Amino acid sequence: MPEPDDMVLRILKTIQQDLADFRRAMNEELAQIKAKLNEHDEKFATLHSIMTFHMGVTFQHQYQLEHIDAEIKALKSAGASP
C-alpha cells in the first residue's frame, strides 16, 4: 500500500506540471497579444499622420473658400454701388 506522502507528492507534481504548462501557454499567448498590439499601434500611428495631413489640407481649403467668398462679396458690393 502506497504511503500517503507518496500520493500527495504525486498529486502535487501533477499540479505543478499543469501549472507550468498553463504558464507556458499563457506566456506564448501574451507574446502573441503584445505582437498584435504593436502591429495595431503602428497602423494607428500611420492613420493618425494621414488624418492629420488631410485635416490640415481640409482646413486650408476651408480658409481659402472663406477668403474667396469674402472677395466675391466685396466685389459684388463694389459693383452694386455706382
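Preceding this section is the structure that the text describes.
From N to C terminus, the chain includes one helix and zero strands. Computed over the C-alpha atoms, the radius of gyration of the chain is 35 Å, more than 25% above the 12 Å expected from 2.2 N^0.38 for a compact globule of 82 residues. Its C-alpha atoms give the chain principal-axis dimensions of about 120 × 15 × 10 Å. For the chain, the residues scored as buried account for 0% of the 82 residues in total. Total accessible area on the chain stands at roughly 7800 Å², and carbon and sulfur atoms take up 65% of it. Between the mean site of the 9 positive side-chain charges and the mean site of the 13 negative ones, the chain shows a separation of 3 Å.

A few words now on the pattern of salt bridges. Within this structure, the stated rule accounts for three salt bridges. Linking Arg 24 and Asp 21 is a salt bridge whose minimum nitrogen-to-oxygen distance equals 3.0 Å. Separated by three residues within a single helix, Arg 24 and Asp 21 lie in helix 1 (residues 4–80), roughly one turn from each other. The exposure class assigned to Asp 21 is partly exposed, which follows from its relative accessible area of 32%.

Looking now at a nonpolar patch on the surface. Taken together, the side chains of Val 8, Leu 9, Ile 11, Leu 12 and Ile 15 define a hydrophobic patch exposed on the protein surface, amounting to about 470 Å² of accessible area. You can see Ile 15 is positioned in helix 1.

For the rest of this paragraph, the subject is the environment of Glu 39. Examined against the element boundaries, Glu 39 turns out to sit in helix 1. With relative accessibility at 32%, the residue Glu 39 sits in the partly exposed group. Sequence separation between Glu 39 and Phe 53 is 14 residues; the distance between their C-alpha atoms is 22 Å.

With respect to the helices, strands and loops of the structure, Thr 52 is situated in helix 1. The spatial distance from the C-alpha of Thr 52 to the C-alpha of Asp 21 is 46 Å, given a sequence separation of 31 residues. Within the structure, the side chain of Thr 52 is placed 2.7 Å from the backbone oxygen of His 48, a separation counted as a polar contact.

Conventions adopted
Residues numbered from 1 in each chain as written. Predicted model: local features only at pLDDT ≥ 70, side-chain atom pairs only at ≥ 80, totals over all residues. Heavy atoms only, no water. Helix = DSSP H or I, 4+ residues; strand = E, 2+ residues; numbered from the N terminus. Rg over C-alpha atoms; globule rule 2.2 N^0.38 Å. Buried < 20%, exposed > 50% of the residue type's maximum accessible area, 1.4 Å probe, protein only. Areas by Shrake-Rupley, 256 points an atom, 1.4 Å probe, with all protein chains shown as cover. Lys, Arg positive; Asp, Glu negative; His and termini not counted. Charge placed at Lys NZ, Arg CZ, Asp CG, Glu CD. Salt bridge = Lys/Arg side-chain N within 4 Å of Asp/Glu carboxyl O. Patch = residues over 30% accessible without salt bridge, like charges linked within 9 Å, V, L, I, M, F, W, Y side chains within 5 Å. Polar contact = N/O pair within 3.5 Å; in protein donor to acceptor, adjacent residues only side chain to side chain.

Any functional reading would require information beyond the geometric quantities listed.
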